[in-house]
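Geometric and topological summary
Below, each chain spelled out in residue letters.
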Amino acid sequence: MNTLIYVMVGGLVGLLVTVIVQKKELLDVLFNISLGVIGAFVAGWIFTPLFGIRSVEPTVFSVTAMFVSLGGAALLLMAVNLYRWRAGQSAP
């Protein structure tokens, strides 16, 4: 159940970031959505055990795991988009 939540939360965060930064190209949209899903999985599978949150159980919905995955997706997207923006700014 939480694996599906990671995919949904990560995809929604990626789509939201795409809308906020106003990217209209399909590759940018797909990149942000997939990056959001990756960030949600990484945060969900690595950080939830560190905080003692039960997360990877097929029948249990964990709100705290959802918030951790939301934070992980947002942080990864912010970091990559900031890197891409700075790289574009410093190019001649």
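Here the structure is a predicted model, which is why all the values come from computation and not from measurement.

**Focus: helix 2 (residues 26–50)**
Taking 1.5 Å per residue as the helical rise, helix 2 with its 25 residues ought to reach 36 Å, and the 36 Å between its terminal C-alpha atoms agrees with that figure. Most pronounced at Gly44, the bend in helix 2 amounts to some 30°. When we look at burial in helix 2, the residues that qualify are Asp28, Val29, Asn32, Leu35, Gly36, Val37, Gly39, Ala40, Phe41, Ala43, Gly44 and Thr48. Where helix 2 ends, the next residue or the one after it, Gly52, has phi of about 75°, a positive value.

**Considerations on the confidence of the model for the protein**
Of the residues in the protein, 85% reach a pLDDT of 70 or more, and the chain-wide mean stands at 76. Of all the helices and strands in the protein, helix 1 (residues 2–20) carries the lowest mean pLDDT, 78, while helix 2 carries the highest, 81.

Procedures and definitions
- Residues numbered from 1 in each chain as written.
- Predicted model: local features only at pLDDT ≥ 70, side-chain atom pairs only at ≥ 80, totals over all residues.
- Heavy atoms only, no water.
- Helix = DSSP H or I, 4+ residues; strand = E, 2+ residues; numbered from the N terminus.
- Expected span 1.5 Å × (residues − 1).
- Bend = angle between axes of the 7 residues up to and from the residue.
- Buried < 20%, exposed > 50% of the residue type's maximum accessible area, 1.4 Å probe, protein only.
- pLDDT = per-residue confidence, 0-100.

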